[in-house]
Amino acid sequence: ESGALDLLKKIGLRASGDYNHLVGWITNPVLGGKDVNPIDIKGGMANLLWKAADNLTVLLSGDYSYTDKFCCSLVARSTPNLGSPAATSNALYGVVAGPENMQTTAGGDQEGSHEIYGASLNVDLEVGDYTFTSITAYRSSENENIFDADYSIYPYLDYNGGPTKINNFSQELRVASPLGERFDFVAGLFYYDLHNEGKKEIILII
């Protein structure tokens with residue numbers, strides 16, 4: 001039991017969660033006054049610190065965030081061509097383009113999701129007066145957004161977007177000299193690898 005207690009004394013855990021919710025702050029009269037651009041994000045993070053030895057510290061961190069809402073629908077600040085589809089749609093529904101406009105006349109629905117997560121492992125080892133550090137990290141971002149790109153009631157570009165996935169991995173190794181000497185230095189190596197996968201779809205109706 002004493003060994004387990006000693007181990008627990010050397011471990012620290014911090015965890016937190018968050019939830020951010022906001023109803024849509026833009027309205028769409030074409031879709032019956034539907035609120036668009038809502039916010040609904042759930043997430044959390046945790047840090048585990050282990051003092052493995054007097055000269056060895058290990059920190060494991062992770063985080064996660066998810067939303068199943070689309071962001072972000074656009075509104076018309078100006079419509080230079082009075083005969084354009086967007087200008088005609090705005091006129092039909094009484095939407096006035098300008099800096100205070102909070103309405104969109106997109107005929108297609110907007111939908112999407114976004115998931116982000118990652119983890120890192122930080123190890124610090126003190127050897128004499130020198131500190132050796134290893135940082136290993138991974139992060140992934142996956143999102144899918146489908147939106148009406150013509151922002152009018154006409155079904156020209158009602159289905160746009162698609163899934164995108166980004167994964168990245170990094171590894172850092174470094175050594176730091178003691179401070180207060182005639183010369184201080186930090187030297188190391190860094191490796192980074194990124195993969196980006198995406199598929200965009202555009203359906204044009206003529």
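Residues numbered from 1 in each chain as written. Predicted model: local features only at pLDDT ≥ 70, side-chain atom pairs only at ≥ 80, totals over all residues. Heavy atoms only, no water.

Enquirer: Pulling in residues and values, what's your account of the overall build of the protein chain?
Expert: On a plain count of helices and strands, the protein chain comes out with two helices and 10 strands. Listed by position from the N terminus, the elements making up the protein chain come as α-β-β-β-β-β-α-β-β-β-β-β. Radius of gyration (C-alpha) of the protein chain: 26 Å, far over the 17 Å computed for a compact globule of 206 residues. Considering only C-alpha atoms, the protein chain reaches an extent of 75 × 40 × 30 Å along its principal axes. Looking at the protein chain as a whole, 22% of its 206 residues are labelled buried. Here the analysis covers contacts within the protein chain between residues at least 6 apart in sequence; of these, 63% occur between residues at least 24 apart. Carbon and sulfur atoms provide 61% of the accessible area of the protein chain, an area that totals close to 13300 Å². Averaging the positions of the 14 positive and the 26 negative side-chain charges in the protein chain gives two centres separated by 4 Å. (Helix = DSSP H or I, 4+ residues; strand = E, 2+ residues; numbered from the N terminus. Rg over C-alpha atoms; globule rule 2.2 N^0.38 Å. Buried < 20%, exposed > 50% of the residue type's maximum accessible area, 1.4 Å probe, protein only. Contact = heavy atoms within 4.5 Å. Areas by Shrake-Rupley, 256 points an atom, 1.4 Å probe, with all protein chains shown as cover. Lys, Arg positive; Asp, Glu negative; His and termini not counted. Charge placed at Lys NZ, Arg CZ, Asp CG, Glu CD.)

Enquirer: Tell me what's going on with the pairing of strand β8 (residues 159-176), and back it up with residues and numbers.
Expert: Taken together, the 17 bridges between strand β7 (residues 130-147) and β8 define a ladder with antiparallel strand orientation. For Thr 133, the partnering residue across the bridge sits in β8 and is Arg 174. Two strands pair when backbone bridges link them, and β8 and strand β9 (residues 186-198) are joined in this way by 13 bridges, in the antiparallel orientation. Bridge pairing in β9 places Val 175 opposite Ala 187. (Pairing = 2+ DSSP bridges.)

Enquirer: Quick rundown of the side chain of Ser 170? Include the residues and the values.
Expert: In this structure, Ser 170 sits in strand β8. The exposure class assigned to Ser 170 is buried, which follows from its relative accessible area of 14%. The residues touching Ser 170, leaving out its near neighbours within four places in the chain, are Ile 135, Thr 136, Ala 137, Phe 190, Tyr 191 and Tyr 192.

Enquirer: Which residues make up the pattern of salt bridges, and what are the values?
Expert: When their charged atoms lie close together, side chains carrying opposite charge are able to pair. Using the criterion set out here, one finds four salt bridges in the structure. Two residues, Arg 174 and Glu 172, come together in a salt bridge whose shortest N-O distance is 2.8 Å. Assessed through its relative accessible area of 30%, Arg 174 is described here as partly exposed. Residue Glu 172 is classed as partly exposed on the basis of its relative accessible area of 23%. (Salt bridge = Lys/Arg side-chain N within 4 Å of Asp/Glu carboxyl O.)

Enquirer: How would you explain the layout of surface pockets if you had to name every residue and give the values?
Expert: Put simply, the largest pocket is a space of about 200 Å³. Counting residues per element, the ones that place at least two in the lining of the largest pocket are β4 (39-53), β6 (111-127) and β7. Broken down by element, the residue count for the lining of the largest pocket peaks at three residues, all from β4. Partitioning the lining of the largest pocket into residue classes produces seven nonpolar, six polar and two charged. (1 Å grid on protein atoms, 1.4 Å probe; cavity = no way out; pocket = protein on both sides within 12 Å on 5 of 7 lines; lining within 4 Å. Points joined across faces, edges and corners; volume = space filled by probe spheres on them. Nonpolar A, V, L, I, M, F, W, Y, C, P; charged D, E, K, R; others polar.)

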